[in-house]
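Below are the chains, spelled out letter by letter.
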Amino acid sequence: TLRDARALGRGEPSAMTLGCRVHMYVGPFRLERSGESVRVASVARSMTGAQACGVQVSWVDAQDQFASTAGIGCPEGQATADAESVYEYSPANGGNGANPVYLRFVREDPEGCAPVGLTLTLR
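Residues numbered from 1 in each chain as written. Predicted model: local features only at pLDDT ≥ 70, side-chain atom pairs only at ≥ 80, totals over all residues. Heavy atoms only, no water.

Engineer: Account for the overall build of the protein chain, naming residues and giving values.
Structural biologist: When you go through the protein chain residue by residue, the secondary structure sums to zero helices and eight strands. Helices and strands appear in the protein chain in the N-to-C order β-β-β-β-β-β-β-β. Taking 123 residues into account, the globule formula puts the C-alpha radius of gyration at 14 Å, and the protein chain, at 15 Å, falls close to it. Each of the three principal axes of the protein chain carries a C-alpha extent, and together these read 45 × 25 × 25 Å. Scored against the burial criterion, the 123 residues of the protein chain give a buried share of 44%. For the protein chain, the share of sequence-separated contacts (at least 6 apart) that also reach a separation of at least 24 residues comes to 75%. Accessible surface, the protein chain as shown: approximately 6500 Å² in total, 44% of it carbon and sulfur. (Helix = DSSP H or I, 4+ residues; strand = E, 2+ residues; numbered from the N terminus. Rg over C-alpha atoms; globule rule 2.2 N^0.38 Å. Buried < 20%, exposed > 50% of the residue type's maximum accessible area, 1.4 Å probe, protein only. Contact = heavy atoms within 4.5 Å. Areas by Shrake-Rupley, 256 points an atom, 1.4 Å probe, with all protein chains shown as cover.)

Okay, structure coming up:
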């Protein structure tokens, strides 16, 4: 739930493993003014070497309602999938007005999927 969201410290990498069935939140991220953004860098790797896909990532508001798209790649073998998820708070120009926001990770793969090692860093 949102109450169990994992906090991220700016510039402090946070490592976790995502199994086959995950519903997890990171945040909250509070923004002060229109035009401000939050950036979370991610490095995903397959824990077994098999292709590891199926993690759905999105920004959500405090009621767990969709606010904006985000994502991570599909790591395979020894390669990592690096990405950055950015949410811009911009209600003054008709953009996103959700504040605070959370980064939501959902994975509902069949048993036996490759676990994903994920490192997140708030920039």
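Engineer: So what's going on with the side chain of Thr-121? Which residues, and what values?
Structural biologist: Inspection of the secondary structure assignment puts Thr-121 in strand E8 (residues 116–122). A residue is classified by how much of its surface remains accessible, and Thr-121, at 18% relative accessible area, is buried. Residue contacts for Thr-121: discarding those within four places in its chain leaves Gly-11, Glu-12, Pro-13, Arg-39, Val-40 and Ala-41.

Engineer: Tell me about the side chain of Asp-61, and name the residues and values.
Structural biologist: Relative to the elements of secondary structure, Asp-61 occurs in strand E4 (residues 56–61). There is a polar contact of 2.9 Å between the side chain of Asp-61 and the backbone nitrogen of Gln-65. In this view, Asp-61 contacts Leu-2, Ala-67, Ala-98, Pro-100 and Tyr-102; residues no more than four positions away in its chain are not counted. (Polar contact = N/O pair within 3.5 Å; in protein donor to acceptor, adjacent residues only side chain to side chain.)

Engineer: Lay out the state of the cysteines with the relevant residues and their values.
Structural biologist: All chains considered together, the criterion is met by two disulfides. Put simply, Cys-20 and Cys-113 are joined by a disulfide, and their sulfur atoms are 2.1 Å apart. Its S-S torsion of about -125° marks the bond between Cys-20 and Cys-113 as left-handed, since a negative value means left-handed. Highlighted residues: Cys-20 in the loop between strand E1 (14–18) and strand E2 (21–29) and Cys-113 in the loop between strand E7 (101–108) and E8, separated in sequence by 93 residues. (Disulfide = S-S within 2.5 Å.)

Engineer: Explain the sheet that holds E1 to me, and be specific about the residues and the numbers.
Structural biologist: Pairing within the open sheet is antiparallel, and its four strands lie in the order E1-E8-E3-E6. Strands with a single pairing partner mark the edges of an open sheet, and in this sheet they are E1 and strand E6 (80–89). Going from strand to strand, the sheet's axes swing by 25° on average, the running direction of each strand aside. Relative to E8, E1 runs antiparallel, the two being bridged by five bridges. Bridge pairing links Ala-15 to Thr-119 in E8. (Pairing = 2+ DSSP bridges. Axes fitted to C-alpha atoms, helices over the stretch in contact; angles between N-to-C directions.)

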